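# What the coordinates show
The primary structure of each chain is shown beneath.
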Amino acid sequence: MKNIERIIGTYDSGNKGALLFITAGIHGNEPSGVYALQRVFEILEAEKPTIQGKVMGVVGNKEALKRQVRFIDEDLNRTWTAENIASAAKDSKEKKEMFEIIDILNEYPKNAFTKRYFLDCHTTSAASEPYISVQNVNDNDTWAHKFPTYIIRGFSDIVEGCIDHYKSRIGMTGFVFEGGQHDSPESIEHHEGIIWLALQHACGLNLDALKNYPEAAVTLENKRKNQKTFEIDYRHEIKKK
Ligand SMILES: [Zn+2]
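Residues numbered from 1 in each chain as written. Predicted model: local features only at pLDDT ≥ 70, side-chain atom pairs only at ≥ 80, totals over all residues.

### Let's talk about the packing of helix α1 (residues 32-47) against helix α7 (residues 185-203)
Stated formally: Axis angles are defined between N-to-C directions and span 0 to 180 degrees, where every axis is a line fitted to C-alpha atoms and, for a helix, only to the segment in contact. In DSSP terms, a helix is any run of H or I states spanning at least four residues, a strand is any run of E spanning at least two, and both are numbered starting from the N terminus. Orientation categories follow fixed angle ranges, with anything under 35 degrees roughly parallel, anything over 145 roughly antiparallel, 65 to 115 roughly perpendicular, and all other angles oblique. Put simply, a crossing is left-handed when the front helix is turned counterclockwise from the back one by less than a right angle, and right-handed when it is turned clockwise. A pair of residues counts as a contact when their C-beta atoms, built from backbone coordinates, are separated by no more than 7 Å. Any residue that is not Ala, Val, Leu, Ile, Met, Phe, Trp, Tyr, Cys, Pro, Asp, Glu, Lys or Arg is counted as polar, Gly included; the first ten are nonpolar and the last four charged.
For the pair α1 and α7, interaxial distance at closest approach is 8 Å and the crossing angle is 50°. Relative to α7, the element α1 lies oblique. In the packing of α1 onto α7, the handedness of the crossing is right-handed. Only S187, I188, H191, E192, I195 and W196 of α7 make contact with α1, whose side of the interface consists of S32, G33, Y35, A36, L37, R39 and V40. Broken down by class, the residue content of the contact of α1 with α7 amounts to seven nonpolar, four polar and two charged.

### Regarding unusual backbone geometry
Put simply, the rule reads: Our exposure labels follow a C-beta count within 10 Å of each residue's own C-beta, placed from the backbone: buried means 20 or more other C-beta atoms, exposed means 12 or fewer, and partly exposed covers the counts in between.
Positive phi, normally seen in glycine, also occurs at K48, with a value near 45°. Mapped onto the elements of the fold, K48 is located in the loop between α1 and β3 (53-59). Taking the C-beta count within 10 Å as the criterion, K48 has 10 such neighbours and is therefore assigned exposed. Unlike most non-glycine residues, N138 shows phi in positive territory, near 50°.

### Quick notes on the pairing of strand β4 (residues 116-124)
Rules: Pairing between two strands requires that DSSP report at least two bridges joining them.
Counting buried positions over the nine residues of β4 gives eight, a clear majority of the element. Bridge analysis of strand β2 (residues 18-24) against β4 gives six bridges, and the strand direction is parallel. For L20, the partnering residue across the bridge sits in β4 and is Y117. Pairing geometry for β4 and strand β7 (residues 173-181), over seven bridges, is parallel. Its bridge partner lying in β7, D120 is registered against V176.

In structure tokens, the structure reads:
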């Protein structure tokens, strides 16, 4: 991936409503959410459907995406601790990226919208069905259950400094979406699907009003019959001797 701009796209149709803030590529070896956002914004720009509020697609670790590595100095999904943010220290490439994303988010404050939602797009090293990982704070869990995939609670109790923790801390509602294996074309499809469904639920987009009903949303919606909720209550860490 070359010449990556921080903002992949923004779209609104001049109506008051919610903000849907989508991040992708927080891990540089997980570009599929970025490709999915590019597809969605292309269609939105071409068709100009009516939505309530605004959707934004924002790139996570620009430098790592360019170099096709997970991160440069440290994991950008572990830097978002209250301490790091309070200290304002930009002492790693990832902290610089983090503060750039925070600056963007600060331009779209709470009082400018009826509600602020987030979606953070990831993929996994192993092949996997798409799933939502939700931190059980605010109304995140209720929101997550509008979507037709597996839902996993409790991962957030194991790790610290994730971007979704930060967004939840500042009062936003949302979850992490794991689209599938890093390089699988299906992961792009799953990300595209969840973005369309999030636009429907957060910003009132009528998918039927699009020239072509997005196939990716159908693919994901077809998984609804298998929807299940899981809870992690123990993690056994395997340490190197
Ligand atoms: Zn990731």
